[in-house]
Amino acid sequence: MSDPDISVVICVYTEDRWEDILAAVASVRTQSYPALETLLVVDHNPALLDRLTKEYKEVREVRVCANAGPRGLSAGRNTGIAAARGEVIAFLDDDAVAERDWLRHFASGYADPRVMAVGGRTVPIWASGRRPAWFPEEFDWVVGCTYKGIPAGLVRVRNVLGGNASFRRSAFDAAGGFATGIGRDGDKRPLGCEETELCIRLSRARPDAVLLIDDRAVIHHRVPQAREHFGYFRTRAYAEGLSKALVARSVGADKGLESERRYATRVLPAGVVRGLRDAALARPGGAGRAGAIVAGVLTAAGGYLVGTVRARRGGATFGVVEIEGERDG
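Starting from 1, residues in each chain are numbered consecutively following that chain's sequence as written. Totals for whole chains, interfaces and linings use all residues, but because this is a predicted model, local features are given only for residues with pLDDT of at least 70 and pairs of side-chain atoms are given and counted only at 80 or more. Excluding hydrogens and water, the side-chain values take into account all heavy atoms of the structure.

**Concerning the packing of aromatic side chains**
Where two aromatic rings form a pair, the distance of their centres and the angle of their planes describe that pair.
Piece 1. Only the six-membered ring of Trp is used, alongside the rings of Phe and Tyr, when aromatic pairs are assigned; centres must lie within 6.5 Å, and planes under 30 degrees apart are stacked while those over 60 apart are edge-to-face, with the rest tilted. Summed over the entire model, instances satisfying the criterion amount to 16 aromatic pairs.
Piece 2. Judged by centre distance (5.3 Å) and plane angle (35°), the rings of Phe139 and Trp141 are tilted.
Piece 3. Here Trp141 falls in the buried class, since its relative accessible area comes to 14%.
Piece 4. Measuring from ring centre to ring centre gives 6.3 Å for Phe139 and Tyr263, while their planes differ by 55°; the resulting arrangement is tilted. With a gap of 124 residues between them, Phe139 in the loop between strand E6 (115-126) and strand E7 (154-156) and Tyr263 in helix H9 (residues 258-280) connect regions that are remote in the sequence.
Piece 5. Type-normalised accessible area, obtained with a 1.4 Å probe on protein chains alone, sets the label of each residue: buried when under 20%, exposed when over 50%, and partly exposed for intermediate values. Residue classification places Phe139 among the buried residues on the basis of a relative accessible area of 1%.
Piece 6. Members of the aromatic cluster, joined through ring pairs, are Trp126, Trp134, Phe135, Phe139, Trp141, Tyr147, Phe230, Phe233 and Tyr263. In this text, helices come from DSSP runs of H or I with a minimum length of four residues, and strands from runs of E with a minimum of two, each type numbered from the N-terminal end.

And the structure:
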């Protein structure tokens, strides 16, 4: 498929991010490879739905709709997929802006018909103006960004990262939509891994599928000050463990933890060594980064153990839905 039409889905849930939402939409509207449309999916917030509808009522390429499923990011994405008209559906976080060639790099990946998903690189914008000295790059996934350990360039991966990703529509026809019950639900505990579970399910449904990350497809993701603190770091690491347990329960630990094993046995130990070396050389934050990596691993492992027990007892479940919707051009 050459030069595919791309629909961009941005899921939103709070008026507190009003300026961020406008910036995200503006970054899509100024792409060098124009989007077919931008869909703003509002998660059970009538006031925000009404405000955005009025804001974009004169803009043909921007459509605003309400999440048709249960509260949460996964159902919002599924609503966007069902409403989208593009051959490829891209997802952008509501507090991020895309570089001008973002969609162009996504589109180029689909020249190979085996490619079912293309993700990009997400760069943090720290509210304080700089990365906290103690915050290890190996844990940038905590704030929804590309982390140290993901290979550079155009690389084949097990899964793309949901806030900066695209899929062929046929991927959802083959595998269904995003699973509800795994990912985020507004301001509740910051769970994740819904894109991991979807990508593994897709690879099982389509064994020939190729999933890529192209680090030229760049977005810049805002990190609020509250997420620069160790308390959020610890909470997010624990939530990741809970989510990983659900995924492993669904798809098996071999596949569900395939990438995590390399990360835990190679990337993180190297990060600890670098932190300790920096501490020995009296460089700022070295000991803090080493300690944060160790704390993050232990906290995520604790979440994984708790999540595993809950899943075995049937106390934590999720569901996968088929995507249905109008696809008229």
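After that view of the structure, there is still more to cover.
**Topic: the environment of Arg85**
Piece 1. Along the chain, the position of Arg85 falls in the loop between helix H3 (73-83) and strand E4 (88-92).
Piece 2. Judged by relative accessible area, Arg85 falls into the partly exposed class, the value being 33%.
Piece 3. As for Arg85 and Asp5, which are separated by 80 residues in sequence, their C-alpha atoms are 8.2 Å apart.

**Points about the pairing of strand E1 (residues 6-12)**
Piece 1. By the criterion of burial, E1 is predominantly enclosed, with seven of the seven residues buried.
Piece 2. With burial as the criterion, each face of E1 is covered, one bearing Ile6, Val8, Ile10 and Val12 and the other bearing Ser7, Val9 and Cys11.
Piece 3. When E1 meets E4, the two strands line up parallel, connected through four bridges. Directly across from Ile6, in E4, lies its bridge partner Val88.
Piece 4. DSSP-based pairing: two strands are paired if at least 2 bridges between them are found. Bridge count for E1 against strand E2 (residues 37-42) is six bridges, and the pairing is parallel. Within E2, the residue paired with Val9 across the bridge is Leu39.
Piece 5. Here is how to tell: hold the view so the strands point away, follow the path from the first strand over the helix to the second, and if it runs clockwise the crossover is right-handed. This β-α-β element, E1 to helix H1 (residues 18-29) to E2, shows right-handed connectivity.

**Structural notes on the nonpolar core**
Piece 1. By size, the foremost hydrophobic cluster in this structure holds 34 residues, and its most contacted members are Val8, Ile10, Leu40, Leu52, Leu92 and Trp102.
Piece 2. The element that contributes the greatest number of residues to this core is H1, accounting for six residues.
Piece 3. Here a residue-residue contact requires only that any non-hydrogen atoms of the pair lie within 4.5 Å. If sequence neighbours within four positions are ignored, Leu40 has contacts with Ile10, Val12, Ile21, Val25, Leu52, Tyr56, Val62, Arg63, Val64 and Cys65.
Piece 4. In these notes, a set of buried Ala, Val, Leu, Ile, Met, Phe, Trp, Tyr and Cys residues joined through side-chain atoms within 4.5 Å is what counts as a nonpolar core. With 28 residues, the next largest nonpolar core counts Cys11, Met116, Cys199 and Ile213 among its residues.

**Brief notes about helix H10 (residues 286-312)**
Piece 1. In a regular helix each residue adds 1.5 Å, so 27 residues correspond to 39 Å; H10 covers 39 Å between its end C-alpha atoms and thus fits that length.
Piece 2. Along H10, the residues that are buried comprise Gly286, Arg289, Ala290, Ala292, Ile293, Gly296, Thr299, Ala300, Gly303, Gly307, Thr308 and Ala311. Helix span, expected: 1.5 Å multiplied by one less than the number of residues in the helix.

**Comments concerning the packing of H9 against H10**
Piece 1. Fitted lines through C-alpha atoms serve as axes, helices being fitted only where they are in contact, and the angles separating the N-to-C directions of these axes extend from 0 to 180 degrees. Across the interface, H9 lies against H10 with an axial gap of 6 Å and an inter-helix angle of 155°. Considering their axes alone, H9 and H10 lie roughly antiparallel with respect to each other. The two elements H9 and H10 cross, and the hand of that crossing is left-handed. Mapping the contact onto sequence places Leu268, Gly271, Val272, Gly275, Leu276, Asp278 and Ala279 in H9 and Gly286, Ala287, Arg289, Ala290, Ile293, Val294 and Val297 in H10.
Piece 2. The residue makeup of the contact of H9 with H10, split by class, is nine nonpolar, three polar and two charged. For classification purposes, an angle smaller than 35 degrees is called roughly parallel, one larger than 145 roughly antiparallel, one from 65 to 115 roughly perpendicular, and anything else oblique. Note: crossing handedness is left-handed where the near helix turns anticlockwise from the far helix by less than a right angle, and right-handed where it turns clockwise. For this classification, the nonpolar set comprises Ala, Val, Leu, Ile, Met, Phe, Trp, Tyr, Cys and Pro, the charged set comprises Asp, Glu, Lys and Arg, and every other residue, Gly included, is treated as polar.

**Let's talk about the environment of Val297**
Piece 1. Relative to the elements of secondary structure, Val297 occurs in helix H10.
Piece 2. Excluding residues that lie within four positions of it along the chain, Val297 makes contacts with Phe139 and Leu268.

**Section: the side chain of Glu37**
Piece 1. Here Glu37 lies in strand E2.
Piece 2. In this structure Glu37 comes out as buried when scored by relative accessible area, which is 1%.
Piece 3. Here a polar contact means two N or O atoms within 3.5 Å. Within protein one must be a hydrogen donor candidate and the other an acceptor candidate, and residues neighboring in sequence count only if both atoms are side-chain atoms. At a separation of 2.6 Å, a polar atom in the side chain of Glu37 contacts the side chain of Ser7.
Piece 4. Only 2.7 Å separates the side chain of Glu37 from the backbone nitrogen of Arg85, close enough to count as a polar contact.
Piece 5. Setting aside anything within four residues of it in sequence, one finds Glu37 in contact with Ile6, Ser7, Val8, Glu61, Arg63, Ala83, Ala84, Arg85 and Gly86.

**Points about the packing of H1 against helix H2 (residues 46-55)**
Piece 1. Interhelical geometry of H1 versus H2 gives an angle of 40° and a closest axis separation of 13 Å. The orientation of H1 with respect to H2, classified from their angle, is oblique. As for the relative orientation of H1 and H2, their crossing is right-handed in sense. Across from Trp18, Ile21 and Leu22 in H1, the residues of H2 making contact are Leu48, Arg51, Leu52 and Glu55.
Piece 2. For the contact of H1 with H2, the residue count by class is five nonpolar, no polar and two charged.

Honestly, that's just the spatial picture; any functional story needs more than this.
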